Number of protein chains: 2
Amino acid sequence: MSIVAVGSIAFDSVATPAGRAENILGGSCTYFALAASFFTKVRVVAVVGEDFTGEHEAVFTKRGIDLRGVEHAKGKTFRWGGQYLDSLNEAKTDFTELNVFENFQPRIPPEYQNSEFLFLGNIHPALQASVRLELNGVRLTGGDTMNFWIRGTPGELLKTLKLIDVLLINDTETKMLAGDPNLPRAAQKVLALGPRALVIKHGEYGATIFFREGAFGIGRHPFRAPALPIDEVTDPTGAGDSFAGGFMGYIASAGVLNREVLKRALFYGGVMGSFAVERFGTERLQSLTREEIDARFQVFRELTHLE
Amino acid sequence: MSIVAVGSIAFDSVATPAGRAENILGGSCTYFALAASFFTKVRVVAVVGEDFTGEHEAVFTKRGIDLRGVEHAKGKTFRWGGQYLDSLNEAKTDFTELNVFENFQPRIPPEYQNSEFLFLGNIHPALQASVRLELNGVRLTGGDTMNFWIRGTPGELLKTLKLIDVLLINDTETKMLAGDPNLPRAAQKVLALGPRALVIKHGEYGATIFFREGAFGIGRHPFRAPALPIDEVTDPTGAGDSFAGGFMGYIASAGVLNREVLKRALFYGGVMGSFAVERFGTERLQSLTREEIDARFQVFRELTHLE
């Protein structure tokens, strides 16, 4: 099964306690696509500038990722600079240069139309909605958002939430979106806004999935996957997008959608997030193998498994 | 098997988003003893003042808790006031009146000498050490500490850590004790200070146990137990002590000490902590049944269990 991913491709400059990296390939769509590519066929919808070279393209194509939906625009690719010197859990943004991303209008190639799965990366909710409405055949839509849209475009976001089956956000975003500081209560309020399931990413503590009553025919008991206690976090950038890639990619590969598949997807999400942070940028995802992924899946499983 | 618990008995005044309660029975030893009493015989070492009445005593004796080690001193019982109005994860202390606790010198009744397990609640590390050295027959010692002792009495604390088998502290305390902001790395540094195992309590995200190489003959892979996503947290006071009570109480009841017992103990710790916060003070622990405990244990297990 194939999954369409829409979002940003960017060049990032990051500083972490482990060091610095300048103008490295990044962006929500990049991390998502690389992580998902270990499980399923991925088709990207994004925009890049003239500084996006064949070398950058090869990072995607080596993983079999379809780039026919990537628009090459005049100008520079989206650039972001940030640091994690005070806290590995939250980036402090140094600069954001939207560049070609400023006027991004996602265009879906006709070849993508038969895709069964869709992931709406963290872009303007109106653009997310337009992509979802254009792809009529999708069986399941995952989506991300952030505080910027929750505060800045709440009306458009509320419309988009009704088009998303599984929303993937973090603790802070959940509380902000619900206007409730109690996480499980906030989760129920977010589910009432549209999504059938809500994945809350807890960073180093893993993630929890909450279900709307009757969603996917599987009841409403939440499920949690832990994250691995990692000795060395080199660069937290892209952890959430890699999580989403592992989660959605595994679902797309599973063929059926039931509680056990969603549980395993949550574990695979944590696995991909944990690999992403081991090196700067996409370096670790580029060198990864499916065998390494499944070995870590077992480690995660053992981490909480009672006989 | 029986467990000796040394720590504070207090009267707490707390304000939370759910309301206020004045001068209610609390203290680390109280929560620990009540939680552990569902699993094993508990013997308390503590000090109370003249305001500690038969009614308070009955809270313990109804659960079969041995109070022969409780000294009745002239003056008032230890009092603490705090609030959780900004954050349920951290108390803001309004006042601390040590009262009879100021000159507390733990005295172990001869009848306690045959106890196999010991829990050193969060008191001055020199007092913790003196209790441990007086009880020669214990097979396993658990202990707690806090930022106040880590900063204030590091020399005494380092000595005490060599006498503790399992240290139970939270994320912040672990990082502070190790002087390292990376949690898994900090865990290894704390283990190098003496304890054979370290339980790090993550609040609403559960807890992780880290093992020293070869500890208990079970290898060094960490294990994590999640906490339940709780809809209503009424009063977080005592959650950590109740966790310790469930953890140590289950170990004391198990007869053997192996990896599976320690894993289950971690789950039971989370279960007891999650009950404690449901009502003010010790109210929920007083009304609890073993059947409710085991039902929630199953819920916790299901929360992360893959087939």
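Residues numbered from 1 in each chain as written. Chains lettered and ligands numbered in written order. Predicted model: local features only at pLDDT ≥ 70, side-chain atom pairs only at ≥ 80, totals over all residues. Heavy atoms only, no water.

This part is about the overall build of chain A. Across its full length, chain A holds 11 helices and 13 strands. Radius of gyration (C-alpha) of chain A: 18 Å, near the 19 Å computed for a compact globule of 307 residues. Seen along its three principal axes, the alpha-carbon backbone of chain A occupies a region of about 50 × 45 × 35 Å. Looking at chain A residue by residue over its 307 residues, the buried ones come to 61%. Look at the contacts in chain A between residues 6 or more apart in sequence, and 62% of them connect residues 24 or more apart. When the accessible surface of chain A is totalled, it reaches about 11,800 Å², and 50% of it is carbon and sulfur. When the 32 positive and 36 negative side-chain charges of chain A are each reduced to one mean point, those points stand 6 Å apart. (Helix = DSSP H or I, 4+ residues; strand = E, 2+ residues; numbered from the N terminus. Rg over C-alpha atoms; globule rule 2.2 N^0.38 Å. Buried < 20%, exposed > 50% of the residue type's maximum accessible area, 1.4 Å probe, protein only. Contact = heavy atoms within 4.5 Å. Areas by Shrake-Rupley, 256 points an atom, 1.4 Å probe, with all protein chains shown as cover. Lys, Arg positive; Asp, Glu negative; His and termini not counted. Charge placed at Lys NZ, Arg CZ, Asp CG, Glu CD.)

Turning next to the interface of chain A and chain B. With 32 residues of chain A at the contact, the number on the chain B side is 32 residues. Between chain A and chain B lies a buried interface of about 3,000 Å² when both sides are counted; carbon and sulfur atoms form 51% of it. When residues of chain A are sorted by the area they lose upon contact with chain B, Tyr205, Arg224 and Leu306 of chain A head the list and together hold 27% of the total. At the junction of chain A with chain B, the criterion picks out zero salt bridges. Our count for the chain A to chain B interface comes out at 13 residue pairs in polar contact (both at pLDDT 80 or more). Within the residue set of the side of chain A that touches chain B, elements represented by two or more residues are helix 6 (171–178), helix 7 (183–191), strand 13 (223–225), helix 9 (259–276) and helix 11 (290–304) of chain A. (Buried area = accessible area lost by both parts, 1.4 Å probe. Salt bridge = Lys/Arg side-chain N within 4 Å of Asp/Glu carboxyl O. Polar contact = N/O pair within 3.5 Å; in protein donor to acceptor, adjacent residues only side chain to side chain.)

Whenever strands of a sheet pair, they do so through backbone hydrogen bonds, lying parallel or antiparallel. Residue and element names in this part refer to chain A. The sheet built from four strands is open, its strands ordered 3-2-6-7 with mixed pairing. Of all the strands in the sheet, the pair left with one neighbour each is strand 3 (19–26) and strand 7 (92–97). Going from strand to strand, the sheet's axes swing by 15 degrees on average, the running direction of each strand aside. Sheet analysis places strand 2 (residues 10–16) next to strand 3, joined by six bridges and oriented antiparallel. Across the sheet, Phe11 pairs through a bridge with Leu25, a residue of strand 3. (Pairing = 2+ DSSP bridges. Axes fitted to C-alpha atoms, helices over the stretch in contact; angles between N-to-C directions.)

What follows covers the packing of aromatic side chains. All names here are of chain A. All told, the structure shown has 23 aromatic pairs over all chains when counted by the stated rule. Centroid distance Phe39 to Tyr268: 5.1 Å. Interplanar angle 70 degrees. Geometry classified as edge-to-face. With Phe39 in the loop between helix 1 (28–36) and strand 4 (41–48) and Tyr268 in helix 9, this pair connects stretches of sequence that are 229 residues apart. According to the relative accessible area criterion, Phe39 is buried, its value standing at 10%. With 5.1 Å between their ring centres and 15 degrees between their planes, Phe78 and Phe101 make a pair best called stacked. Taken together, the residues span a long stretch of sequence, with Phe78 in strand 6 (residues 78–83) and Phe101 in the loop between strand 7 and strand 8 (117–120) at a distance of 23 residues. (Phe/Tyr/Trp six-rings, centres within 6.5 Å; stacked < 30°, edge-to-face > 60°.)

Residue and element names in this part refer to chain A. In terms of burial, strand 1 (residues 2–6) is largely enclosed, as five of its five residues are buried. Here strand 1 shows a buried face lined by Ser2, Val4 and Val6 and a second buried face lined by Ile3 and Ala5. Bridge analysis of strand 1 against strand 8 gives four bridges, and the strand direction is parallel. Each bridged residue has a counterpart across the sheet, and for Ile3 the counterpart in strand 8 is Phe117.

All names here are of chain B. Those residues of helix 7 (residues 183–191) lying buried are Leu183, Pro184, Ala186, Ala187, Val190 and Leu191. On an axial view of helix 7, the arc spanned by its buried residues comes to 155 degrees, and they lie on one face. Looking at the buried positions of helix 7, the neighbouring elements they touch are strand 10 (166–170), helix 6 (171–178), strand 11 (197–201) and strand 12 (207–211). (Arc of directions from axis to C-beta.)

Right, let's talk about the pattern of salt bridges for a bit. Per the counting criterion, the structure on display carries 34 salt bridges over all chains. If you follow the salt bridges from partner to partner, you end up with Glu278, Arg284, Glu292 and Arg296 of chain A in one network.

Moving on, we come to the confidence of the model for chain A. On average, residues of chain A score 94 in pLDDT, and 99% of them reach the 70 mark or higher. Note on the complex model: pTM 0.90, ipTM 0.84. (pLDDT = per-residue confidence, 0-100.)

What follows concerns the sheet that holds strand 3 (residues 19–26) of chain B. All names here are of chain B. In space, the four strands of this open sheet follow the order 3-2-6-7, with mixed pairing throughout. Among the strands making up the open sheet, the edge pair consists of strand 3 and strand 7 (92–97). Put simply, the sheet's adjacent strands are angled 15 degrees from each other on average, direction ignored. Two strands pair when backbone bridges link them, and strand 2 (residues 10–16) and strand 6 (residues 78–83) are joined in this way by six bridges, in the parallel orientation. Paired with Ala15 across the bridge in strand 6 is Gln83.

Time to look at the relation of the copies chain A and chain B. With an axial shift of 0.0 Å and an RMSD of 0.0 Å, the rotation relating chain A to chain B amounts to 180 degrees. Such a turn and shift between the copies fits a two-fold axis. Interface overlap between copies: 100% of the residues of chain A at the interface are likewise at the interface in chain B, consistent with a symmetric, same-surface contact. (Least-squares fit on C-alpha atoms with pLDDT ≥ 70 in both.)

Most peptide bonds are trans, and most residues other than glycine sit at a negative phi. Residues and elements named next belong to chain B. Positive phi is not limited to glycine here, since Asn23 has a value of about 50 degrees. With respect to the secondary-structure elements, Asn23 resides in strand 3. What makes Asn23 partly exposed here is its relative accessible area of 41%. For Asn99, which is not glycine, the phi dihedral falls at a positive 50 degrees.

As a further point, take the packing of helix 6 of chain A against helix 7 of chain A. All names here are of chain A. Here helix 6 crosses helix 7 at 60 degrees, and the two axes come no closer than 8 Å. Taken together, the axes of helix 6 and helix 7 lie oblique to each other. When you trace helix 6 past helix 7, the crossing you get is left-handed. Residue-level inspection shows Asp171, Thr174, Lys175, Leu177 and Ala178 of helix 6 in contact with helix 7, the latter providing Leu183, Ala186, Ala187, Lys189 and Val190. (Parallel < 35°, antiparallel > 145°, perpendicular 65-115°, else oblique. Left-handed = near helix turned anticlockwise from the far one by under 90°.)

Let us look at the side chain of His305 of chain A. Tracing the backbone through its elements, the reader meets His305 of chain A in the segment after helix 11. Excluding residues that lie within four positions of it along the chain, His305 of chain A makes contacts with Phe223, Lys263, His305 and Leu306 of chain B.

Our next topic: the environment of Pro184 of chain A. Residues and elements named next belong to chain A. Along the chain, Pro184 turns up in helix 7. For Pro184, a relative accessible area of 7% translates into the label buried. In this structure the C-alpha to C-alpha distance between Pro184 and Pro222, which are 38 residues apart in sequence, comes to 9.4 Å.

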